[in-house]
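Notes for the structure review
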Amino acid sequence: MRIEEGVALGRFTTLGTGGPARALARPETLAELKEALSWAAERGYSVETVGLGSNLLVADEGVDALVLKLGGELASVGVEDGLLSAGGGAPLAVCLHRARAAELGGLEFTCAIPGTAGGGVRMNAGAYGSDISGVLQRALVVGAERERWLGPDELGLEYRRSGLTPGEVVARVEFSLRPRPLDEIKATVAEMQAQRKASQPTNKRTFGSVFKNPEHELSAGRILEACGLKGHRIGGAQISPRHANFIENAGDASSADALALMIEARRRAREQFGVELEHEVRLLGPLQLE
Ligand SMILES: Cc1cc2nc3c(=O)[nH]c(=O)nc-3n(C[C@H](O)[C@H](O)[C@H](O)COP(=O)(O)OP(=O)(O)OC[C@H]3O[C@@H](n4cnc5c(N)ncnc54)[C@H](O)[C@@H]3O)c2cc1C
């Protein structure tokens, strides 16, 4: 397996910003994944995995780590007896497509989530009252020292988080689904997509929700809207005029621009609402919110 140096990570993120990885490997089998992890361990490199980069802000200076991008078998999807087995690098859109073709329901909510199965587990991604923990049977987690199949409880899945650490790679995911007629699946997906289109920016480069919803009567988006931040711009990044919990790359944004907007948003939420917003987007590389 080839290890590349200095590959810019911006093209692996939906925001489209970010500097180079110290090293990048694209393992396609479990054996190659273990080889890459050993390679990093021998050199004392830390390891980060990138899915579809749909919840990632990568530092402009780059990432001092071996970055993994799973492909091949590690991004394949198969269905058998109500169980959908997906490589950690498989797009959730492909999982949903395969589930729909097999008339299996449960993954409809992922129609709104442009990530991978592995990234979905890491983030316990969710929408419309469902999340990955509700459909996950188990996930194969591979680290430098060992590999283990873990269930939702062992993975520590909570609201948009898991107990996984950066060196732990979700290599395969098994979803337990239930029979559901095709027309019902299609109707649910169409309804969710229409709701999404009506409330969030579409066809924009974003990384999804910037902040988690706080324990407050207002959502993060509503708080930031009330702070007058819709459309607020720093450099090439702007808070979406459509939904204040999204940051858009308005053309030539840097990650520093997006980070500056996040710092400003947190400051205003603290001053005007006494709320400490916690970021949902994962930060890779030397990025500090304080
Ligand atoms: C337009 C838009 C809408 C969105 N809507 C939603 C939504 O409704 N609900 C929601 O929950 N999210 C939403 N998101 C955010 C995002 O799609 C999810 O968080 C998704 O789960 C991230 O998956 P990813 O593969 O892109 O992960 P990445 O963004 O690449 O990475 C996210 C984190 O997961 C880790 N990771 C990725 N792959 C693996 C792996 N195989 N093993 C271990 N760790 C891994 C990364 O290291 C990082 O810490 C949205 C994003 C966009 C751009």
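Computed from a prediction, not measured in an experiment: that's the story for all the values here.

This next bit is on the packing of aromatic side chains. Throughout the structure, instances matching the rule amount to one aromatic pair. Look at Trp39 and Tyr45: their rings are 5.3 Å apart centre to centre, the planes differ by 90°, and that puts the pair in the edge-to-face class. The ring of Trp149 has Arg138 sitting right over it, with the charged end atom 3.8 Å from the ring centre.

Surveying the vicinity of the ligand reveals 32 residues, the closest of which are Thr49, Ser54, Asn55, Thr116 and Gly126. Gly53 places a main-chain nitrogen or oxygen 2.9 Å from an oxygen atom of the ligand. Interatomic distance of 2.7 Å between a backbone N/O atom of Asn55 and an oxygen atom of the ligand. Look at the ligand: alone it shows 960 Å² of surface, and the protein chains cover 93% of it.

Bringing the side chain of Lys69 into the picture now. Here Lys69 shows up in strand 5 (residues 63–69). No salt bridge is formed by the buried Lys69; its nearest oppositely charged neighbour, Glu28, is found at 11 Å. In terms of polar contacts, Lys69 uses its side chain to reach the backbone carbonyl oxygen of Gly51, at 2.5 Å. Residue contacts for Lys69: discarding those within four places in its chain leaves Phe12, Ala25, Arg26, Pro27, Val50, Gly51 and Leu52.

Inspection of every chain in the model, using the stated rule, returns 18 salt bridges. Between Arg43 and Glu42 there is a salt bridge whose closest N-O contact spans 3.6 Å. The partly exposed category is assigned to Arg43, whose relative accessible area is 41%. In this structure, Glu271 engages Arg267 in a salt bridge whose closest nitrogen and oxygen atoms are separated by 3.1 Å. Here the residue Glu271 and the residue Arg267 both occupy positions in helix 6 (residues 255–273), the gap between them amounting to four residues, near one helical turn. On the accessibility criterion, Glu271 (57% relative accessible area) is exposed. One network of salt bridges, with partners in common, ties together Glu264, Arg267, Arg268 and Glu271.

Criteria and cut-off values
Residues numbered from 1 in each chain as written. Predicted model: local features only at pLDDT ≥ 70, side-chain atom pairs only at ≥ 80, totals over all residues. Heavy atoms only, no water. Phe/Tyr/Trp six-rings, centres within 6.5 Å; stacked < 30°, edge-to-face > 60°. Lys NZ or Arg CZ within 6 Å of the ring centre and 35° of its normal. Near = heavy atom within 4 Å. Polar contact = N/O pair within 3.5 Å; in protein donor to acceptor, adjacent residues only side chain to side chain. Areas by Shrake-Rupley, 256 points an atom, 1.4 Å probe, with all protein chains shown as cover. Helix = DSSP H or I, 4+ residues; strand = E, 2+ residues; numbered from the N terminus. Buried < 20%, exposed > 50% of the residue type's maximum accessible area, 1.4 Å probe, protein only. Lys, Arg positive; Asp, Glu negative; His and termini not counted. Salt bridge = Lys/Arg side-chain N within 4 Å of Asp/Glu carboxyl O. Contact = heavy atoms within 4.5 Å.

Nothing here speaks to function; it is geometry throughout.
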